[in-house]
Amino acid sequence: MSAYNTFIIGAGFTGLGAGLASGFKIFEATDKPGGICASYRKEGFRFEIGGGHWIFGGDKFILDLINKFSKCKRYFRKSAVFFTGNLEETKKLKFKFIDYPIQNNLYALGDKIASQVLKEILLNKKSYISNDITMEEWLKINFGQTLFSIFFAPFHERYTAGLYKEIAPQDPYKTPFDIKSVIDGALGNPNKSVGYNVSFIYPEDGLDSLAWEIAKLCNTQYESKLEKIDIETKTLILSDGKDIKFDFLISTLPLNKLLKITGISNEEEPYTSVLVLNMGVELPDNKISKHGFHWLYVPDSLSGFHRVGYYSNVDPTFLPERLRNPEKYGSLYIEFAFRGGEKPSDEDLREIIEKTEDELREYGLIKKCLVVDPTWIEVAYTWRKPRSNWLEKSLDKLAEKNIFSIGRYGRWSFQGIAESLKEGIWVGSVLKLKNS
Ligand SMILES: Cc1cc2nc3c(=O)[nH]c(=O)nc-3n(C[C@H](O)[C@H](O)[C@H](O)COP(=O)(O)OP(=O)(O)OC[C@H]3O[C@@H](n4cnc5c(N)ncnc54)[C@H](O)[C@@H]3O)c2cc1C
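Residues numbered from 1 in each chain as written. Predicted model: local features only at pLDDT ≥ 70, side-chain atom pairs only at ≥ 80, totals over all residues. Heavy atoms only, no water.

### Side note on the domain arrangement of the chain
Defined as follows: An automatic or database domain assignment supplies the residue ranges for each domain. We call two residues in contact whenever any of their non-hydrogen atoms come within 4.5 Å of each other. Here's the idea: put two parts together, see how much 1.4 Å probe accessible area each one loses, and the total over both is what we call buried area. Only one rule defines a salt bridge in this text: a Lys or Arg side-chain nitrogen within 4 Å of an Asp or Glu carboxyl oxygen. Distance and chemistry together define a polar contact, namely a pair of N or O atoms within 3.5 Å, with one atom able to donate a hydrogen and the other to accept it when in protein, and with adjacent residues in sequence counting only for side-chain atoms on both sides.
Each domain of the chain was delimited in the assignment, giving domain 1 (6-74 + 202-268 + 384-435) and domain 2 (79-186). The interface of domain 1 with domain 2 comprises seven residues on the first partner and nine residues on the second. Between domain 1 and domain 2 lies a buried interface of about 700 Å² when both sides are counted; carbon and sulfur atoms form 53% of it. Sorting the residues of domain 1 by area buried against domain 2 places Pro386, Arg387 and Phe414 first, and these three jointly supply 65% of that buried surface. Between the two partners, domain 1 and domain 2, sit zero salt bridges. At the boundary of domain 1 and domain 2, one finds two residue pairs in polar contact (both at pLDDT 80 or more).

Structure, rendered in structure tokens:
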């Protein structure tokens with residue numbers, strides 16, 4: 001018998017971790033676990049709701065646990081920047097693939113550009129990360145005007161939907177800066193093991209197999225959306241009209257939404273939504289389409305995408321059995337960012353799909369689109385304004401009411417599946433101890 005009534009909101013990987021460790025009841029709005037990390041099949045192609053979700057990072061404890069629930073394979077990242085040459089600044093780099101991260105592979109830009117970029121970086125000598133400046137300023141200070149114009153500005157224009165001019169710099173491990181690696185890369189000896197996702201694991205039976213296996217040990221009530229929280233009477237109001245009293249609450253909802261349904265605040269920090277076009281394609285018989293990368297960062301697309309991922313270059317099982325030849329067919333995910341609240345209409349979406357197909361065909365990256373399935377993640381990337389204390393203030397106000405907002409969206413931070421699961425397990429364990 002528990003001393004307190006404690007509940008969890010959301011059965012994504014954070015909520016599942018908390019449910020697994022504590023046994024507390026989870027209320028989940030949809031009819032399945034996994035949140036935005038769910039794979040599905042369409043006409044035999046395996047896709048994911050949120051685009052390729054490769055499990056990176058994680059310590060031995062959490063990786064062993066994941067493997068116990070669903071056997072995973074390990075892969076070594078193959079990613080690159082791909083220039084279409086559509087912009088004045090990128091014309092000379094048309095159809096070049098430059099290994100990620102570009103700042104550590106300057107040699108591939110050619111001697112002239114590489115030496116100019118290196119000169120600017122060395123002259124700057126001001127590498128720092130600070131919450132006082134914008135991401136735009138940070139990128140210019142660290143990487144110099146040339147690399148900023150060629151890659152960082154157009155890429156971040158697409159990836160942050162233009163917000164990079166207003167928001168604080170992102171966690172530096174997404175855009176790593178290390179002067180020795182920059183110099184080695186300019187001299188043609190790039191350090192291959194840089195960045196947060198050098199290697200990753202992925203379940204052999206798909207990502208949703210992992211969510212379902214963990215969910216078997218959790219007590220989840222599906223199709224129970226939390227509509228409102230009365231923080232004075234400590235009551236949850238669910239979509240079926242039921243009122244439930246709580247003493248402690250673990251919420252994995254996006255923090256801005258949680259603040260609204262508690263009535264604590266309507267204030268929010270910027271966020272971006274992501275449109276994923278999952279595409280099953282036939283590939284042309286040319287060199288460019290056989291690049292073999294797992295994903296490409298594209299700074300200068302015309303239709304606005306910033307990343308083209310190849311599920312089937314990670315593992316051919318993403319292709320239907322009858323088409324299981326990654327040299328001839330591809331299972332792709334193509335990502336676009338939109339500012340929070342700016343969802344494209346159905347008509348806009350049709351236009352985006354058409355333009356994207358044409359663009360990829362023009363570059364020789366696809367021959368024919370066999371199936372396309374768009375998905376939408378409302379709160380995908382969360383950002384902060386320089387000098388803002390909104391996050392700390394909000395988490396404190398919620399904690400005063402015994403509401404713990406956790407996970408990538410609950411804490412408005414950048415983190416992957418392994419960390420989310422671990423955070424859930426940790427918070428679930430602590431509250432279970434409190435409950436006993
Ligand atoms: C485009 C993109 C690419 C990514 N790529 C990777 C990657 O390659 N590798 C990686 O490790 N991570 C990746 N991530 C991060 C990863 O998706 C997150 O770390 C993880 O999904 C966080 O899980 P969560 O449980 O906190 O949130 P979510 O998955 O969002 O789960 C929240 C749950 O709450 C439920 N819910 C929402 N509202 C309510 C309500 N009112 N009442 C009840 N339930 C509700 C939702 O249905 C959902 O099930 C990526 C994220 C994005 C956006």
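Structure shown, so let's carry the discussion forward.
### Considering unusual backbone geometry
The condition that has to hold: Secondary structure elements follow DSSP: runs of H or I no shorter than four residues count as helices, runs of E no shorter than two count as strands, and numbering proceeds from the N terminus. The classification of residues rests on relative accessible area computed with a 1.4 Å probe and restricted to protein chains. Under 20% of the type maximum is buried, over 50% is exposed, and intermediate values are partly exposed.
Cis geometry marks the peptide bond from Tyr100 to Pro101; its omega dihedral reads -10°. Relative to the elements of secondary structure, Pro101 occurs in the loop between β8 (97-99) and α3 (111-124). Non-glycine residue Lys234 carries a positive phi angle of around 50°. Counting through the fold element by element, Lys234 comes out in the loop between β11 (226-230) and β12 (235-238). We classify Lys234 as partly exposed; its relative accessible area is 24%.

### Concerning the pattern of salt bridges
The final tally for this structure, using the stated rule, is 21 salt bridges. Residue Glu282 pairs with Lys367 through a salt bridge whose shortest N-O separation is 3.4 Å. Here Lys367 lies in the loop between α9 (346-362) and β19 (368-382) and Glu282 lies in strand β15 (residues 271-282), a separation of 85 residues in the sequence. Given the relative accessible area of 46%, Lys367 is considered partly exposed. When salt bridges with common partners are traced through the structure, they connect Glu357, Asp358 and Arg361 into a single cluster.

### A look at the site of the ligand
In plain terms, the rule: When at least one non-hydrogen atom of a residue lies within 4 Å of a molecule or strand, that residue is treated as near it. Surface exposure here means Shrake-Rupley accessible area, sampled with a 1.4 Å probe, where a residue is shielded only by the protein chains that are shown. Classification used: nonpolar for Ala, Val, Leu, Ile, Met, Phe, Trp, Tyr, Cys and Pro, charged for Asp, Glu, Lys and Arg, polar for all others including Gly.
In the region of the ligand, 32 residues are neighbours, and Thr14, Glu28, His53, Trp54 and Ile417 sit closest. A distance of 3.3 Å separates an oxygen atom of the ligand from a polar backbone atom of Gly52. A distance of 2.8 Å separates an oxygen atom of the ligand from a polar backbone atom of Gln415. Contact with the protein chains removes 91% of the 1,000 Å² of surface that the ligand exposes when unbound. Elements with a contribution of two residues or more to the shell around the ligand: α1 (13-22), β19, α11 (407-410) and α12 (417-435). In terms of residue class, the shell around the ligand is built from 15 nonpolar, 14 polar and three charged.

### What to know about the pairing of strand β4 (residues 45-48)
Inclusion rule: For two strands to be treated as a pair, DSSP must find at least two bridges joining them.
In β4, alternate side chains face the same way, and those of Phe45 and Phe47 on one face and Arg46 and Glu48 on the other are all buried. With four bridges connecting them, strand β3 (residues 39-42) and β4 associate as antiparallel partners. Bridge assignment links Ser39 to a residue of β4, and that residue is Glu48. Two successive antiparallel strands, β3 and β4, enclose a turn made up of two residues, where Glu43 displays a positive phi of approximately 45°.

### Quick look at the environment of Ile179
Take Ile179: it is sitting in helix α5 (residues 179-186). Once residues lying within four places of it in the same chain are set aside, the contact partners of Ile179 are Ile121 and Leu122.

### Comments concerning the environment of Ser405
Assignment of secondary structure puts Ser405 in strand β20 (residues 403-405). Look at Ser405 and you get buried, because its relative accessible area is 7%. In this structure the C-alpha to C-alpha distance between Ser405 and Ser251, which are 154 residues apart in sequence, comes to 4.8 Å. Contacts of Ser405, omitting those with residues within four sequence positions, involve Ser251, Leu253, Leu255, Leu258, Leu395, Leu398, Gly410 and Arg411. Among the polar contacts listed, one links the side chain of Ser405 to the backbone oxygen of Gly410, at a separation of 2.8 Å.

### Some points on a negative patch on the surface
The line we're drawing: Residues with no salt bridge and a relative accessible area higher than 30% make up the patches, which join like charges within 9 Å and nonpolar side chains (Val, Leu, Ile, Met, Phe, Trp, Tyr) within 5 Å. Positive residues here are Lys and Arg, negative ones are Asp and Glu, while His and the chain termini are left out of the count. For charged residues, the charge sits on one atom: NZ in Lys, CZ in Arg, CG in Asp, CD in Glu.
A grouping of Asp346, Glu347, Asp348, Glu351 and Glu354 is seen on the molecular surface, where their side chains present a negatively charged patch. Topologically, Asp348 is positioned in helix α9.

### As for the side chain of Ser273
Position of Ser273 relative to the elements: it lies in strand β15. In this structure Ser273 comes out as buried when scored by relative accessible area, which is 0%. In terms of polar contacts, Ser273 uses its side chain to reach the backbone carbonyl oxygen of Glu378, at 2.5 Å. Once residues lying within four places of it in the same chain are set aside, the contact partners of Ser273 are Phe336, Ala337, Phe338, Gly340, Trp376, Ile377, Glu378 and Ala380.

### Focus on the sheet that holds strand β17 (residues 307-310)
We apply this condition: The axes are straight lines fitted to the C-alpha atoms, using for helices just the contacting stretch, and the angles between their N-to-C directions are given from 0 to 180°.
The strand order across the open sheet built from seven strands is β8-β7-β16-β17-β18-β15-β19, with neighbouring strands paired in mixed fashion. Bordering the open sheet on either side are β8 and β19, each of which pairs with just one other strand. Sheet twist, expressed as the average angle between the axes of neighbouring strands with direction ignored, equals 25°. In terms of strand pairing, strand β16 (residues 295-297) meets β17 through three bridges, oriented antiparallel. Counterpart to Leu296 in the pairing with β17 is Val308.

### Notes on the side chain of Ser388
Examined against the element boundaries, Ser388 turns out to sit in the loop between β19 and α10 (390-400). One polar contact links Ser388 to Glu269, side chain to side chain, over a distance of 2.6 Å. When sequence neighbours within four positions are dropped, the list of residues in contact with Ser388 reads Asn131 and Glu269.

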